[in-house]
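This is what each chain is made of:
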Amino acid sequence: MCARISNLRNTCGLFIHKTPGIKLRKFQNNTAAMSTIEDAKKLAAYQAVDDHVKNDYIIGIGSGSTVVYAVERLAQKVQKEKLSVLCVPTSFQARQLVVKHRLPLTDLDVSPKLDVCIDGADEVDSRLTLIKGGGGCLLQEKIVASCANKLIIIADYTKNSNKLGEQYKKGIPIEVIPMAYTPIQSHLESIYKGQFALRMAVNKAGPVVTDNGNFILDWKEFDQNLDWAKVNQGIMMIPGVVETGLFVKMVERAYFGMPDGSVKVQDA
Ligand code: 5RP
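Here the structure is a predicted model, which means the values were calculated and not measured.

Quick notes on the rules
- Residues numbered from 1 in each chain as written.
- Predicted model: local features only at pLDDT ≥ 70, side-chain atom pairs only at ≥ 80, totals over all residues.
- Heavy atoms only, no water.
- Helix = DSSP H or I, 4+ residues; strand = E, 2+ residues; numbered from the N terminus.
- Expected span 1.5 Å × (residues − 1).
- Buried < 20%, exposed > 50% of the residue type's maximum accessible area, 1.4 Å probe, protein only.
- Core = buried A, V, L, I, M, F, W, Y, C linked by side-chain atoms within 4.5 Å.
- Contact = heavy atoms within 4.5 Å.
- Arc of directions from axis to C-beta.
- Polar contact = N/O pair within 3.5 Å; in protein donor to acceptor, adjacent residues only side chain to side chain.
- Pairing = 2+ DSSP bridges.
- Axes fitted to C-alpha atoms, helices over the stretch in contact; angles between N-to-C directions.
- Near = heavy atom within 4 Å.
- Disulfide = S-S within 2.5 Å.

Novice: Honestly, helix α1 (residues 37-52) in this entry has me stumped. Any pointers?
Specialist: Each α-helix winds once per 3.6 residues, and so residues spaced three or four apart point in a common direction. Taking 1.5 Å per residue, 16 residues should reach 22 Å; α1 reaches 23 Å between its end C-alpha atoms and fits that length. Turning to α1, its buried residues are Asp39, Ala40, Lys41, Leu43, Ala44, Ala45, Tyr46, Gln47, Ala48, Val49 and His52.

In structure tokens form, the structure reads like this:
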């Protein structure tokens, strides 16, 4: 195994450590309980914020349920250490989180260069290629991440895969201009194996509409052995495609909260 209980990286670029300030629940015999998925998200998020946030940083705030813990930790750290930071949100949800924690907001007009972006992921492969956009925020997430010095990913252990598609079955999101979704669907089906499904809303009739007013096609049952850089480029050439949820060679480091209460760290 390329991991050990320490803060030192081994030859495989992986290391595992315990996150200070997070207590695992104890069984009656005083052994640590297996952590839940929520514990795992929190462990990864807290560790990433502790490791990557410094005074005067401009920070990209990702979207999703794991980022909730990162913003919680960021607010604690800012208050405790009297840090000055600025936050660039990647979605309506992220903006609400920043506002809720009374952290200072900025945007790419004012702050186009970020020190770090901390975000979640739907799946992370062995090369740190990501599927993102399960929450429909892929476009702004990719833009903000591309403006950051480093993209740090936080996730629970269920997101850690060898190949994309191994764990995550909801597909690779592709954000498209609404008037073009049918021709894009046909175009994609003529090139790639699998299904391209228009993402439907749950508590509203009709499709999901993104924060940018677009639709999402979810590419399911794809071949797991594709060259994702090439695939991303190919899909982006189709008129009407706005962005894909494939993040290729963008990540510097991923933190995975593990079932045993440790955090696995994987570097690019
Ligand atoms: C939203 C995203 C999220 O980062 C991704 O869906 C992971 O979310 P969660 O932390 O809730 O598992 O890409 O567009």
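Novice: What am I meant to see in the nonpolar core here?
Specialist: Residues Ile61, Leu74 and Ile154 are the most contacted members of the largest nonpolar core, which totals 31 residues. Residue assignment for this core shows that the elements contributing at least two residues are α1, β2 (58-61), α2 (65-81), α3 (92-100), β4 (116-119), β7 (151-156) and β14 (263-267). Sorting elements by how many residues they give to this core places α2 first, with 7 residues. Residues contacting leucine 74, with those up to four places away along its chain left out, are Val49, Val53, Ile59, Ile61, Cys87 and Leu103.

Novice: Help me out: how do you make sense of helix α6 (residues 228-236) in this one?
Specialist: Buried within α6 are the following residues: Trp228, Val231, Asn232 and Ile235. For α6, the arc enclosing every buried residue in end-on projection is 100°, short of the 170-degree limit, so these residues lie on one face. The exposed residues of α6 that point more than 90 degrees off its buried face are Lys230 and Gln233. Check the buried side of α6 and you find it contacts α4 (138-146), β8 (172-176), α5 (181-191), β10 (215-220), β11 (241-244) and β12 (246-247). Where α6 begins, the side chain of aspartate 227 points an oxygen toward the backbone nitrogen of alanine 229, at a separation of 3.2 Å.

Novice: Help me out: how do you make sense of the sheet that holds β11 in this one?
Specialist: Two pairing modes exist for strands in a sheet, parallel and antiparallel, and in both the strands are linked by backbone hydrogen bonds. If you walk across this open sheet you meet the 4 strands as β9-β10-β8-β11, and the pairing is antiparallel. Looking at the sheet topology across the chains shown, the edges are occupied by β9 (195-198) and β11. On average, adjacent strands in this sheet sit at an angle of 30° to one another, irrespective of strand direction. As judged from the 3 bridges shared by β8 and β11, these two strands associate in the antiparallel manner. Looking across to β11, one finds that glutamate 175 is bridged to glutamate 243. Those strands touched by α6 are β8, β10 and β11, and its axis lies near 165° from that of β11.

Novice: Help me understand the site of the ligand, please; the structure alone is not making it clear to me.
Specialist: Residues in contact with the ligand amount to 16 residues; listed here are only the nearest, Ser65, Thr66, Asp122, Gly133 and Lys159. Interatomic distance of 3.5 Å between a side-chain N/O atom of aspartate 119 and an oxygen atom of the ligand. Glutamate 141 has a polar side-chain atom sitting 3.0 Å from an oxygen atom of the ligand.

Novice: Please explain the state of the cysteines as it appears in this structure.
Specialist: Here is the idea: a disulfide is a covalent bond, and it sits between the sulfur atoms of two cysteines. The final tally for this structure, using the stated rule, is 0 disulfides. Distance from the sulfur of cysteine 147, which forms no disulfide, to the nearest cysteine sulfur (cysteine 117) is 9.3 Å.

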